[in-house]
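What follows is each chain in one-letter form.
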Amino acid sequence: MYGSIQYTVAGLRLQINWQPYMIKLKKEYPYSAYMSQEEPCDVNVMIRPASQLMRRNTDPVFASSRNRVYFDDGKFYRYQGALLDMAPENWKSCQVVTPSRPGDVEVYLRQEEKCIQEGDLLSALGLDYLLALQGKVLLHAAYIQCLGQAVLFTAPSGTGKSTQAELWRQHRPGTRIVNGDRAVFSVEDERTMAHGFPFCGSSGISHNISCPLKAIVVLRQGKKNHLVRLAGAQAATILLSECMVPLWDRIATQRVMDTVTQVVEQCPIYLYHCLPDASAVEHLYHVIYEGGKPDE
């Protein structure tokens, strides 16, 4: 007999299955907000505990500080953890995806204890990759909702995403911070959309909210407020630099590229050198919501 739980993230419906006598799930905020009972599911995930995660006998097709991806026997094996360049003992999970059957996924958890935190489970799923396979793109961004629409502030860490989101909350009544560090964007029925994501960095703010995407703002620190609209290849290149792209999978990468291209064509993308005060809010609001013109 298997235990199961369902989540919906950015419209992607996942059913997670495991053997209850092997794994006990401990629910926690904000991850439980993404639980759902939507049918049918897009992806079925089987969770399997493992005493250790064995290294593949091939060279990795992708490597970063927290990921190792191997392609073996027609499957991608994605190992996740901390300090992966040191030793396999630091690997925490392995996601196994067969490109020809992306709706069936296996996840092996290195498990010394019977209980697993909900956040650790969702992290092991490799949601960025599963979303990319559906053409939904994870962006490093603070996500606010204003007048029923989404504005995404994207920038490298430490550039002021959270500051700008908080300024909007303070100075534009009714503005809500949906996520302080991550957002998903997609094109649904020819509309650009923004979605909440379970993980939110150190901000502690994550809500499961989807709404139409009004604009994406690429932030830079400045000595004055100066807003210009980006277009074409320039907009796509800057946007992609903050997107999660599964470079090991050609099909998933192409779907990310296609979605970015569509969003750039349909949604305003701005580059904003700005001050960390209320004047930055008013300047941007005037252009986005009141029809003002960007700066030359």
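Counting restarts for each chain: residues are numbered from 1 in the order of the written sequence. Where totals are concerned, whole chains, interfaces and linings use all residues; where local detail is concerned, this predicted model gives features only for residues with pLDDT of at least 70, and gives and counts side-chain atom pairs only at 80 or more. Side-chain calculation: all heavy atoms of the structure are included, whereas hydrogens and water are not.

1. Re the pairing of strand 1 (residues 3-9)
Look at any regular strand and the pattern is simple: side chains alternate between the two faces of the sheet. Here is the rule: A simple rule labels every residue: compare its accessible area, found with a 1.4 Å probe on the protein chains alone, to the largest value its type can have, and call it buried under 20%, exposed over 50%, or partly exposed in between. Helix and strand assignments follow DSSP, with helices taken as H or I runs no shorter than four residues and strands as E runs no shorter than two, numbered in order from the N terminus. Following DSSP output, two strands are said to pair if at least two bridges run between them.
Buried residues dominate strand 1, accounting for 6 of its 7 residues. As paired strands, strand 1 and strand 2 (residues 12-18) are joined by 7 bridges and run antiparallel to one another. Looking at the pairing, glycine 3 lines up with tryptophan 18 of strand 2. Once strand 1 ends, the chain turns through 2 residues before running back antiparallel as strand 2, passing alanine 10 with a positive phi of about 55°.

2. Overview of the side chain of glutamine 95
The line we're drawing: Within 3.5 Å is the distance limit for a polar contact, defined as a pair of N or O atoms, with the added protein rule that one can donate a hydrogen and the other accept it, and that residues adjacent in sequence qualify only through two side-chain atoms. We call two residues in contact when some of their heavy atoms are within 4.5 Å.
Relative to the elements of secondary structure, glutamine 95 occurs in strand 8 (residues 91-97). A polar contact is formed between the side chain of glutamine 95 and the backbone oxygen of leucine 125, at a distance of 2.6 Å. Setting aside chain neighbours within four positions, we find glutamine 95 in contact with Phe76, Tyr77, Arg78, Val105, Glu106, Val107, Ala124, Leu125, Gly126, Tyr129 and Leu130.

3. Focus on the layout of surface pockets
Rules: Here the term cavity refers to a set of points on a 1 Å grid, laid over the protein atoms alone, in which a 1.4 Å probe fits but cannot get out; the term pocket refers to an open set having protein on both sides within 12 Å along at least five of seven lines, with lining residues being those that place an atom within 4 Å of a point. Grid points are joined across faces, edges and corners, and a volume is the space filled by probe spheres set on the points. Each residue is assigned to one class: nonpolar for Ala, Val, Leu, Ile, Met, Phe, Trp, Tyr, Cys and Pro, charged for Asp, Glu, Lys and Arg, and polar for all the others, Gly among them.
The calculated volume of the largest pocket comes to roughly 1200 Å³. Surrounding the largest pocket, 40 residues form its lining, Arg66, Gln80, Gly81, Ser123 and Ala124 being those nearest its centre. Those elements that place two or more of their residues in the lining of the largest pocket are strand 7 (75-81), strand 8, strand 9 (104-110), strand 10 (115-117), helix 1 (118-124) and helix 2 (127-133). Ranked by residue count, the leading element in the lining of the largest pocket is helix 1, at 5 residues. A per-class count over the lining of the largest pocket returns 18 nonpolar, 12 polar and 10 charged.

4. Here's the deal with the nonpolar core
The nonpolar side chains of a soluble globular protein tend to be buried with one another. Worth spelling out the cut-off: Think of a nonpolar core as a cluster: buried Ala, Val, Leu, Ile, Met, Phe, Trp, Tyr and Cys residues, connected wherever their side-chain atoms sit within 4.5 Å.
The biggest cluster of nonpolar side chains holds 66 residues, and the ones touching the most others in it are Ile16 and Ile47. In terms of residue count, helix 2 provides more of this core than any other element does, 6 residues in total. In this structure, isoleucine 16 is in contact with Gly3, Ser4, Ile5, Tyr7, Val45, Ile47, Leu121 and Leu125, ignoring residues within four places of it in sequence. Among the nonpolar cores identified, the runner-up in size contains 24 residues, and Ala142, Leu167, Leu284 and Val287 belong to it.

5. A closer look at the packing of aromatic side chains
Selection criterion: We call Phe, Tyr and Trp rings a pair once their centres come within 6.5 Å, taking the six-membered ring for Trp, and we label the pair stacked below 30 degrees between planes, edge-to-face above 60, and tilted otherwise. Ring-over charges, as used throughout, are those where CZ of Arg or NZ of Lys falls within 6 Å of the ring centre and within 35 degrees of the ring normal.
Applying the stated rule across the entire model yields 11 aromatic pairs. Here the aromatic rings of tyrosine 70 and tyrosine 79 are separated by 5.8 Å at their centres, their planes lie at 85°, and the arrangement is edge-to-face. Of the two residues examined, tyrosine 70 and tyrosine 79, each falls in the buried class. Linked through ring pairs, Phe153, Trp168, Tyr285 and Tyr289 together constitute an aromatic cluster. Over the ring of tyrosine 77 we find arginine 56; its NZ or CZ atom is 3.8 Å from the centre of that ring.

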